[in-house]
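# Commentary on secondary and tertiary structure
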Amino acid sequence: LAQKMDEASPELVLRVKVLDAEKDDDGYKYKIHTVTNMSNFSEPEMTTCRVYGDLEWLHRCIESQPNRDGIIVPPLPKSPGNSAQTAARQSEPTQHSSGEERKSVGADRMQKCCRAIERYLQLLARHPVFRQNEYLHQFLDTKELPPIAKTKKRWVRTLTYAVEEVWFHGRKVCLAHGISAACSLCVYCV
């Protein structure tokens with residue numbers, strides 16, 4: 001397939017497809033298949049496994065790039081965790097549903113989630129500026145992303161609040177709610 005692309009068109013090609021999603025302890029892992037004739041990729045065809053956090057990392061990196069005036073970054077699809085929880089709730093047994101129907105609902109939701117992620121990556125891959133982006137190449141081409149991409153949101157939030165508390169010289173200030181003393185509204189102040 002990659003060889004036919006080189007012969008068929010002299011233009012740069014970057015095609016992305018989400019093949020499958022597998023559930024593990026950390027959530028869902030997506031198999032992303034890439035076909036390209038771009039010389040800065042290690043292989044013309046490759047498959048990588050990514051989690052949703054990796055997709056968030058890619059989105060943050062692309063949004064933070066300088067000199068993208070007038071270029072709109074496609075919106076990041078919703079987190080599959082929410083979709084999976086919704087699917088689990090909707091697939092709970094009822095008087096009128098069978099086991100096969102419940103599995104079908106969950107599979108349909110995962111299929112939609114995979115298609116949304118695939119569409120997002122295709123929009124980036126087709127865009128003349130984003131397709132040249134080093135972070136997109138790294139996301140599609142390397143087996144392991146930098147460690148910063150693997151950080152958990154909760155850890156980052158906790159660190160942010162700790163730094164902000166030091167920033168305000170140890171004063172107890174709830175920055176999330178704008179209260180000058182510790183508030184009872186969030187988990188960080190309690």
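This report concerns the structure included in the present document. Note that the structure is predicted; figures quoted are calculated from it, not measured.

The subject of this paragraph is the overall build of the chain. When helices and strands are counted, the chain shows six helices and three strands. For the chain, the α and β elements follow one another from N to C terminus as α-β-β-β-α-α-α-α-α. Taken across its 190 residues, the chain has 33% of its residues classed as buried. If you take every contact in the chain between residues at least 6 apart in sequence, the share linking residues at least 24 apart comes to 55%. In the form shown here, the chain has an accessible surface area of approximately 12,400 Å², with 54% of it arising from carbon and sulfur atoms.

Another aspect to go through is the sheet that holds strand E2 (residues 27-36). The strands making up a sheet associate through hydrogen bonds between their backbones, and the pairing can be parallel or antiparallel. Ordered in space as E1-E2-E3, the three strands form an open sheet in which the pairing is antiparallel. Each having just a single partner strand, strand E1 (14-24) and strand E3 (45-51) make up the two edges of the open sheet. Strand after strand, the sheet turns through a mean of 20° between neighbouring axes, direction not considered. Each of E2 and E3 touches helix H2 (residues 52-63); the most contacted strand, E3, lies at about 100° to it.

Here is what the cut-offs are and how they apply
Residues numbered from 1 in each chain as written. Predicted model: local features only at pLDDT ≥ 70, side-chain atom pairs only at ≥ 80, totals over all residues. Heavy atoms only, no water. Helix = DSSP H or I, 4+ residues; strand = E, 2+ residues; numbered from the N terminus. Buried < 20%, exposed > 50% of the residue type's maximum accessible area, 1.4 Å probe, protein only. Contact = heavy atoms within 4.5 Å. Areas by Shrake-Rupley, 256 points an atom, 1.4 Å probe, with all protein chains shown as cover. Pairing = 2+ DSSP bridges. Axes fitted to C-alpha atoms, helices over the stretch in contact; angles between N-to-C directions.

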